[in-house]
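What the coordinates show
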Amino acid sequence: NKLIHDAGISHEDVITSYVCHNCKTVQIMHYHGEEINCPACGKKSLFTVDASCGVTEPELNQIYNLCDQYCHPVTSGGFEMPLLEAIYAGVPVAVVPYSCGHSYVENKEVYPLEFTYYRDINNSQFLKSQPLPSSIADSFNFFYNKTAQERREIGSRVREWALEKFSAATWLKWLED
């Protein structure tokens, strides 16, 4: 709530996934804090989804399919499973073409976010990406200006590409070679 207030945005502009720790019902709704009353069971046990009480795979697929776009402005990363999950759900994606993002932007229908570099000064000294907020906004505008059918078609084509690129057979062959 403090972050929403400090940013000067309305609660009506923030939508999140909640799960009830009592009845396990998943709710997609405007953010109203933690430990709130569950519309399904009435208990004060509704929290945002986290590692301690999450969603099932079918529920996660439903959440991804509510999206017109999935934006993944990472600073670094390994494989980044949420990005692949969004693609497998047929959602158009935007990602930084750095670190894990290189594998995805090989597909020209994956939107490449612009970024600059910075050095992690804490422990690793790694060179990391800093996604540009203007590029994130541009990606939202790009997909927003597509029709729902165009977004579905993009998502479908990227999904088919990813099913082949990240298949077990493809990776086993790569390891073999």
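First things first, this report covers the structure right here in the doc. (Residues numbered from 1 in each chain as written. Predicted model: local features only at pLDDT ≥ 70, side-chain atom pairs only at ≥ 80, totals over all residues. Heavy atoms only, no water.)

A word on helix α3 (residues 81-88)
For clarity, the cut-off: Here the term buried applies to any residue with accessible area under 20% of the maximum for its type, exposed to any over 50%, and partly exposed to those in between, with areas from a 1.4 Å probe on protein chains only. Put simply, DSSP H or I for four residues or longer makes a helix, DSSP E for two residues or longer makes a strand, and each gets a number counted from the N terminus. Relevant arc is that of directions from the helix axis to the C-beta atoms, nothing else. By definition in these notes, contact holds between two residues if any of their heavy atoms fall within 4.5 Å.
By the burial criterion, the buried members of α3 are Leu83, Leu84, Ala86 and Ile87. Projected down its long axis, α3 shows its buried positions confined to an angular sector of 155°, all on one face. As for α3, its buried residues are in contact with α2 (57-64), β5 (70-72), β6 (93-95), α4 (101-105) and α6 (148-165). Downstream of α3 by one or two residues, Gly90 has phi in the positive range, about 85°.

Description of the pattern of salt bridges
Heads up, the condition is: Basic side-chain nitrogens of Lys or Arg form a salt bridge, by our definition, when they fall within 4 Å of a carboxyl oxygen of Asp or Glu.
With the rule as written, the count across this model stands at six salt bridges. Across the pair Glu106 and Lys165 runs a salt bridge, and its minimum N-O distance is 3.0 Å. One end of the pair, Glu106, is in the loop between α4 and β7 (111-112); the other, Lys165, is in helix α6, and 59 residues separate them in sequence. Look at Glu106 and you get partly exposed, because its relative accessible area is 47%. Looking at Lys165, the relative accessible area reads 22%, which means it is partly exposed. Asp177 serves as the salt-bridge partner of Lys173, at 2.9 Å between the closest nitrogen and oxygen. Overall, the relative accessible area of 69% leaves Asp177 in the exposed class.

Some words on the environment of Leu132
Tracing the backbone shows Leu132 in the loop between β9 (127-131) and α5 (133-144). On the basis of relative accessibility, which here comes to 24%, the residue Leu132 falls in the partly exposed class. When the C-alpha atoms of Leu132 and Leu113 are compared, they prove to be 7.4 Å apart, with 19 residues separating the residues in sequence. Once residues lying within four places of it in the same chain are set aside, the contact partners of Leu132 are Glu114, Phe115 and Thr116.

Brief notes about the sheet that holds β5
In sheet architecture, strand pairing relies on hydrogen bonds along the backbone and comes in two forms, parallel and antiparallel. Applied cut-off: Strand pairing is assigned whenever DSSP detects at least two bridges linking the two strands. Note on definitions: angles span 0 to 180 degrees between N-to-C directions of axes, and those axes are lines fitted to C-alpha atoms, for helices only across the stretch in contact.
Read from one edge of the open sheet, three strands run β5-β6-β7, paired in parallel fashion. Of all the strands in the sheet, the pair left with one neighbour each is β5 and β7. Contacting β5 and β6, α3 runs over the sheet at an angle of about 160° to β5.

Comments concerning the sheet that holds strand β2 (residues 26-30)
Ordered in space as β2-β1-β4-β3, the four strands form an open sheet in which the pairing is antiparallel. The sheet is open, and its two borders are formed by β2 and β3 (36-37), each paired with just one other strand. Direction of pairing for strand β1 (residues 15-20) relative to β2: antiparallel, over a ladder of five bridges. Within β2, the position partnered with Tyr18 by the bridge is Gln27.

As for the side chain of Asp120
As a reminder of what qualifies: Neither His nor the chain ends contribute to the count of charged residues, in which Lys and Arg are positive and Asp and Glu negative. Counting of polar contacts relies on pairs of N or O atoms within 3.5 Å, with two restrictions inside protein: one atom must be capable of donating a hydrogen and the other of accepting it, and residues adjacent in sequence are counted only when both atoms are side-chain atoms.
Among the secondary structure elements, Asp120 is positioned in the loop between β8 (115-119) and β9. No salt bridge is formed by the buried Asp120. Its closest oppositely charged neighbour is Lys128, at 4.3 Å. A polar side-chain atom of Asp120 sits 3.1 Å from the main-chain amide nitrogen of Asn122. Setting aside chain neighbours within four positions, we find Asp120 in contact with Gln125, Phe126 and Lys128.

As for the nonpolar core
Put simply, the test is: Only buried Ala, Val, Leu, Ile, Met, Phe, Trp, Tyr and Cys residues count toward a nonpolar core, and they belong to the same one when joined by side-chain atoms within 4.5 Å.
In this structure, Tyr64, Tyr70, Val93, Tyr104, Val110 and Leu113 are the most contacted members of the largest nonpolar core, which totals 27 residues. Looking at this core, the elements that each hand over two or more residues are α2, β5, α3, β6, α4, α5 and α6. Ranked by residue count, the leading element in this core is α3, at four residues. Ignoring any residue separated from it by four or fewer positions in sequence, one finds Tyr64 in contact with Tyr70, Pro82, Glu85, Ala86, Ala89 and Val91. If you look at the next biggest cluster of nonpolar residues, it comprises eight residues, including Ile4, Tyr18, Cys20 and Ile36.

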